[in-house]
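Observations on the model geometry
For reference, the chains in residue letters:
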Amino acid sequence: MVPKHIQDDELPGKDVAKEFYAHYEPKEILGRGVSSTVRRCIEKDTGREFAAKIIDVSSTDSANESTFLEATRREIVILRKASGHNHIIELHDVFESTTFIFLVLELCPHGELFDYLTSVVTLSEKKTRHIMKQVLEAVAFIHDHGVVHRDIKPENILLDEKFNVKITDFGFAAELGPTEPRLRDLLGTPGYLAPELLKASMYENEPGYGHEVDVWACGVVMYTLLVGFPPFWHRKQMIMLRAIMEGRYEFKSPEWDDITETAKDLITKMLTVDPAKRITARQALQHAFFHGVGQSKQSFNARRAFHLACITVRAMIRIQRLRFTPEMITTDIVIREPYRIRTLRKAVDACAFRVYNHWVKRGEVQNRAALFENRAKCDLILQKEIRKEQQASA
Ligand code: ADP
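These numbers were taken from a predicted model, which means no experiment stands behind them.

Along the backbone of the protein there are 13 helices and 9 strands. Put simply, the protein has 394 residues, and 42% of those count as buried. Sequence-distant contacts, at least 24 apart, represent 61% of the contacts inside the protein between residues at least 6 apart.

Below you can see the structure in the form of structure tokens.
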């Protein structure tokens, strides 16, 4: 829905925010939200680039207008409290008029992690490690400051010019304190909701939820980055929500076959149904996934060192000979199970993205390779045979 004050890419009336226009030169549109437009802008004094989020706080319904204005102001307060960390979006300036609020934010030229993932399909463990470390550092920081984000997902993770993470959109964020130690509202994005959040909204006697819900969402993000599909998904939302509450997900083959046990272990610890037993963001940062191959720094393990040396030598020999020894792929497997071969799987997934422009669900019996199978349809074959028989008998 295009906000009524920002239709046709026009800039909001200059009189409503003279101060903003006095300091900033608005440029092209970077993206649109439900009631906002985000433009690149240049600070006149310094020539520095920023992203101006222009929020339309007016509404036909005055009751909704004041609630939305209050919510936006609350978001600004929380953003100010959470900012000051490398991986949380920096709020540079705020201007407020009767119809618009202008948030001048740090510019993230590479946009949403969601769009990046859509273009590359899946991320390697190395890239996932880079992204997840920064996401968890930001999450640990806000948790230390008593803030719960409640909407961690790839759409709310922006990437700056060096592909560093900036957590944004604190619209659902809340502060935990002595007056409100646990929360109960049903807020967030369905596929990322934690079991205790769903239970708190369904059953009166449930104790509510806290910052652990962000770690669960991080588990969903990490799973999705590695394989390109989410851990919890079903066409019928109730079935998906039940799977979440029971923590029912799988490391499906073949996508998970090439992924290390260390990565799987961290995801398992983040996607633990009981929030009391779930790993915290700080503990997750200490996990072996972020520290090499899980070797203990204190004790030298001769057997493991020898094993590592063998792998290194074999890898070096393989790299040297790589040009002459292309990967063996038997035509039999290519025809029968193309999706089992990593390079073909990646190509199939990339094609699926290009054709459908979104993730194509991979169900229990569903195979994305089937989308590109080019077998003659049975009835066409039948018609051909009948025609052949008719010609022979004529
Ligand atoms: P809303 O919260 O109203 O949904 P968003 O904050 O999601 O709006 O912004 C809408 C779009 O604008 C985003 O999808 C993103 O592409 C772009 N955007 C938002 N903030 C920035 C930023 N700081 N730098 C670059 N692009 C941004």
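Right, picking up where we left off after that structure.
Opposite charge on two side chains permits pairing when their charged atoms draw close. Enumeration over the complete set of coordinates arrives at 15 salt bridges. Where Arg-278 meets Glu-196, a salt bridge forms, and the shortest distance between an N and an O atom there is 2.8 Å. Here Glu-196 lies in helix α5 (residues 195-202) and Arg-278 lies in the loop between α8 (261-270) and α9 (281-285), a separation of 82 residues in the sequence. Across the pair, exposure class does not vary: Arg-278 and Glu-196 are buried alike. Shared partners join several salt bridges into a network, and the residues in it are Glu-28, Arg-40 and Glu-49.

This part takes up the nonpolar core. Among the nonpolar cores identified, the biggest contains 79 residues, and Ile-167, Phe-170, Met-222 and Phe-232 are the most heavily contacted of them. The residue makeup of this core includes at least three contributed by each of domain 1 (8-106) and domain 2 (113-290). One finds Ala-17, Cys-41, Phe-95 and Phe-100 within the second-largest nonpolar core, a separate group that totals 12 residues.

Let us look at the sheet that holds strand β3 (residues 49-56). By definition, the strands of a sheet pair up through backbone hydrogen bonds, in either a parallel or an antiparallel sense. With respect to topology, 5 strands assemble into an open sheet ordered β1-β2-β3-β5-β4, the strand pairing being antiparallel. Of all strands in the sheet, those bounded by a partner on one side alone are β1 (24-32) and β4 (91-96). Ignoring strand direction, the axes of neighbouring strands in this sheet form an average angle of 25°.

Another aspect to go through is the side chain of Thr-128. Summarising the element assignment, Thr-128 is placed in helix α4 (residues 125-144). What makes Thr-128 buried here is its relative accessible area of 0%. Apart from the residues lying within four places of it in its own chain, the contact partners of Thr-128 are Leu-123, Met-222, Leu-225, Leu-226 and Phe-289.

A separate point is a nonpolar patch on the surface. Taken together, the side chains of Met-202, Tyr-203 and Met-238 make up a nonpolar region of the molecular surface, amounting to roughly 300 Å² of accessible area. One can find Tyr-203 in the loop between α5 and α6 (212-227). A residue is classified by how much of its surface remains accessible, and Tyr-203, at 43% relative accessible area, is partly exposed.

When helix α3 (residues 113-120) is considered as a whole, its buried residues turn out to be Leu-113, Tyr-116, Leu-117 and Thr-118. Immediately beyond the C-terminal end of α3, within one or two residues, lies Val-121, with a positive phi of roughly 75°.

On to the packing of α6 against α8, then. Viewed as axis vectors pointing N to C, α6 and α8 meet at an angle of 150°, and their least axial separation amounts to 8 Å. As the angle between them shows, α6 and α8 are arranged roughly antiparallel. Like other packed secondary-structure pairs, α6 and α8 cross with a definite hand, here left-handed. The segment α6 lies against α8, with Val-215, Trp-216, Cys-218, Gly-219, Met-222, Tyr-223 and Leu-226 engaging Ala-263, Leu-266, Ile-267 and Met-270. Looking at the contact of α6 with α8 residue by residue, the classes come out as 10 nonpolar, 1 polar and no charged.

So, about the pairing of β1. When β1 meets strand β2 (residues 36-43), the two strands line up antiparallel, connected through 6 bridges. Looking across to β2, one finds that Glu-25 is bridged to Ile-42. Count of turn residues in the β1/β2 antiparallel hairpin: 3 residues.

The subject of this paragraph is the UniProt feature "binding site: ATP" (unreviewed entry) in the protein. Sites flagged by UniProt as "binding site: ATP" (unreviewed entry) map to Lys-53. Summarising the element assignment, Lys-53 is placed in strand β3. Lys-53 gets classed as buried once you look at its relative accessible area, which sits at 19%. Contacts of Lys-53, omitting those with residues within four sequence positions, involve Ser-36, Thr-37, Val-38, Glu-75, Ile-101, Phe-102, Leu-103 and Leu-105.

So, about the site of the ligand. Around the ligand, the surrounding shell holds 16 residues, and the nearest of these are Ser-36, Lys-53, Glu-106, Cys-108 and Glu-112. Coverage of the ligand by the protein amounts to 85% of the 550 Å² it exposes when considered alone. Listing elements by their share of the shell around the ligand, those giving two or more residues are β1, β2 and β3. For the shell around the ligand, the leading source of residues is β1, giving 3 residues. For the shell around the ligand, a count of residues per class yields 8 nonpolar, 3 polar and 5 charged.

About the cut-offs
- Residues numbered from 1 in each chain as written.
- Predicted model: local features only at pLDDT ≥ 70, side-chain atom pairs only at ≥ 80, totals over all residues.
- Heavy atoms only, no water.
- Helix = DSSP H or I, 4+ residues; strand = E, 2+ residues; numbered from the N terminus.
- Buried < 20%, exposed > 50% of the residue type's maximum accessible area, 1.4 Å probe, protein only.
- Contact = heavy atoms within 4.5 Å.
- Salt bridge = Lys/Arg side-chain N within 4 Å of Asp/Glu carboxyl O.
- Core = buried A, V, L, I, M, F, W, Y, C linked by side-chain atoms within 4.5 Å.
- Domains from an automatic or database assignment.
- Pairing = 2+ DSSP bridges.
- Axes fitted to C-alpha atoms, helices over the stretch in contact; angles between N-to-C directions.
- Patch = residues over 30% accessible without salt bridge, like charges linked within 9 Å, V, L, I, M, F, W, Y side chains within 5 Å.
- Areas by Shrake-Rupley, 256 points an atom, 1.4 Å probe, with all protein chains shown as cover.
- Parallel < 35°, antiparallel > 145°, perpendicular 65-115°, else oblique.
- Left-handed = near helix turned anticlockwise from the far one by under 90°.
- Nonpolar A, V, L, I, M, F, W, Y, C, P; charged D, E, K, R; others polar.
- UniProt positions renumbered as here; feature names shortened; annotations may be inferred.
- Near = heavy atom within 4 Å.

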